[in-house]
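Analysis of the macromolecular model
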Amino acid sequence: MLDTDTRTAWQLFQLNWLPIVAMGSLLAFGLPATGLSLEPVAYGITLAIAAILIAIAYRHQLAKGELADPKLVFSLGTIGQVILTCAIVGPLSYVAGKMNWPLQDDALLAIDRAFGLDPEPIMRFVNDHPWLADLLARGYGLIKWPLLGIPVVLTLTARYVRLQVFMLAMSLALAVTIAISAMVPAIGTYYGLQLPAAHFPEITPAVYAGQLRDILALRDGSLHELRLFFLSGIVSFPSFHAASAVLYMWALWPVRGIGGIAAALSLLMIAATPAIGAHYLIDVAGGIALAAASIWATKFYVERIGRVSVVSAAPVPAPVWQTSLAE
């Protein structure tokens, strides 16, 4: 990894461990403090897969040195970091929810209505158009696959710095999301509107049902063991579905033939968030703002690294990574 682009990407890859370790440490201390535990088999397998991918990336880098293949290092290493991050933040959101701060559904609903964005008419419209409800349900489920696809696409197109900026921005957005959700817990629009999920039969109730079940179980103390593959998205404000859609859109936008498709699917995921995810409109706005702020903060840091490098070295042409970020 000889050029400036890959060196900067490697520096950022190393930096990405900071939020991962910080959130992992909070989880390690938070589980016993809240009386929660993790089901060991699924969690152990997940951690093992992440560890193997990361170990292969580091072993290749150490063995080959400057001749290491950045595509192998950054694709496997970043996928490993993504898996590890997801394995941490899911349970960590439950630790945050266990703090049992007062539910804020009434406040979030009041904010929506103050802006003239009552969620009930939106959900009624979706329910009255079954084809739209089905389309949005498919769109809402798109949150998973880009997490593995983005490292592959960006490494194959040699956008190594952009990949690490995406990873760092996502970790930052996740950390802030969980911190805010602990102080602004909410169950969702059905709960705020005091309507049963059956009120909108064409909208799949699975997402809201999981939120309702787990949040109430956390708050009454009946939930003790967390099963990794059965955790629900219990964070309402800000919506990480909306935040992740913005992050995905930004990451893939410059990739010819994929950027436009990614943008369309990301917008579909944002559109699905109020009805399918039972999110308030302010949740969506908060998620979009958080993602934009995370990307800006990460890019600002990277650009500062570049300025320091240029000042401390002899005059050289503008580094490649500046061009890649501006694409």
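A brief report on the enclosed structure follows. The model shown is predicted, which means the values in this text are computed figures rather than measured ones. (Residues numbered from 1 in each chain as written. Predicted model: local features only at pLDDT ≥ 70, side-chain atom pairs only at ≥ 80, totals over all residues. Heavy atoms only, no water.)

This next bit is on the overall build of the protein chain. Each helix and strand counted, the protein chain has 15 helices and 2 strands in total. Scaling as 2.2 N^0.38, a compact globule of 327 residues should have a C-alpha radius of gyration of about 20 Å, and the protein chain matches this with 21 Å. Within the protein chain, the fraction of its 327 residues that count as buried is 51%. At a minimum sequence separation of 6, the contacts of the protein chain that also span at least 24 residues come to 83%. For the protein chain, the computed accessible surface area is about 15000 Å², with 70% contributed by carbon and sulfur atoms. Averaging the coordinates of the 18 positive side-chain charges in the protein chain and doing the same for the 19 negative ones gives two points 9 Å apart. (Helix = DSSP H or I, 4+ residues; strand = E, 2+ residues; numbered from the N terminus. Rg over C-alpha atoms; globule rule 2.2 N^0.38 Å. Buried < 20%, exposed > 50% of the residue type's maximum accessible area, 1.4 Å probe, protein only. Contact = heavy atoms within 4.5 Å. Areas by Shrake-Rupley, 256 points an atom, 1.4 Å probe, with all protein chains shown as cover. Lys, Arg positive; Asp, Glu negative; His and termini not counted. Charge placed at Lys NZ, Arg CZ, Asp CG, Glu CD.)

Before going further, it helps to spend a moment on the environment of Gly286. Note on placement: Gly286 falls in helix 14 (residues 281-312). Distance in space between the C-alpha atoms of Gly286 and Thr177 is 9.5 Å, their sequence separation being 109 residues. Not counting the four nearest positions on each side in its chain, Gly286 is found in contact with Phe237 and Pro238.

Another point: helix 3 (residues 40-64). Here helix 3 contains 25 residues, and its C-alpha end-to-end distance of 35 Å stays within 8% of the 36 Å for a straight helix at 1.5 Å per residue. When helix 3 is considered as a whole, its buried residues turn out to be Ala42, Tyr43, Thr46, Ala50, Leu53, Ile54, Ala57, His60 and Gln61. Between the side-chain oxygen of the N-cap and the backbone nitrogen of Val41 there are 3.0 Å, and the N-cap of helix 3 in question is Glu39. Of the residues flanking the end of helix 3, it is Gly65, one or two places downstream, whose phi is positive at about 60°. (Expected span 1.5 Å × (residues − 1). Polar contact = N/O pair within 3.5 Å; in protein donor to acceptor, adjacent residues only side chain to side chain.)

What follows deals with the packing of helix 8 (residues 145-156) against helix 12 (residues 240-252). Two elements in contact, helix 8 and helix 12, have axes whose closest approach is 11 Å; the angle formed by their N-to-C orientations is 15°. Considered as vectors, helix 8 and helix 12 are oriented roughly parallel to each other. Between helix 8 and helix 12 the crossing geometry is left-handed. Facing Pro146, Leu147, Ile150, Val153 and Leu154 of helix 8, the residues of helix 12 in contact are Tyr248, Ala251 and Leu252. Looking at the contact of helix 8 with helix 12, its residues break down into 8 nonpolar, no polar and no charged. (Axes fitted to C-alpha atoms, helices over the stretch in contact; angles between N-to-C directions. Parallel < 35°, antiparallel > 145°, perpendicular 65-115°, else oblique. Left-handed = near helix turned anticlockwise from the far one by under 90°. Nonpolar A, V, L, I, M, F, W, Y, C, P; charged D, E, K, R; others polar.)

Per the counting criterion, the structure on display carries 10 aromatic pairs. Look at Trp10 and Phe13: their rings are 5.5 Å apart centre to centre, the planes differ by 25°, and that puts the pair in the stacked class. You can see Trp10 and its partner Phe13 sitting in helix 1 (residues 4-15), 3 residues apart, about one turn around the helix. Accessibility classification places Trp10 together with Phe13 in one group, the buried group. Geometrically, the ring pair formed by Phe13 and Trp17 is edge-to-face, given 6.4 Å between the ring centres and 75° between the ring planes. Taking the ring centre of Trp250 as reference, the NZ or CZ of Arg162 above it sits at 3.9 Å. The lysine or arginine in question, Arg227, covers the ring of Phe230, its NZ or CZ lying 4.3 Å from the ring centre. (Phe/Tyr/Trp six-rings, centres within 6.5 Å; stacked < 30°, edge-to-face > 60°. Lys NZ or Arg CZ within 6 Å of the ring centre and 35° of its normal.)

Bringing the pattern of salt bridges into the picture now. If you walk through the whole model with that rule in mind, you get 5 salt bridges. Across the pair Glu120 and Arg124 runs a salt bridge whose closest N-O atoms are separated by 3.4 Å. Remark: Arg124 and Glu120 occur in helix 6 (residues 119-127); sequence separation between them is 4 residues, near one turn of the helix. Here Arg124 falls in the partly exposed class, since its relative accessible area comes to 39%. Notably, a salt bridge pairs Arg138 with Asp134, separated by 3.1 Å at the nearest N-O pair. Separated by 4 residues within a single helix, Arg138 and Asp134 lie in helix 7 (residues 130-140), roughly one turn from each other. Since its relative accessible area comes to 39%, Asp134 is described here as partly exposed. (Salt bridge = Lys/Arg side-chain N within 4 Å of Asp/Glu carboxyl O.)

Purely geometric numbers; function is a separate question.
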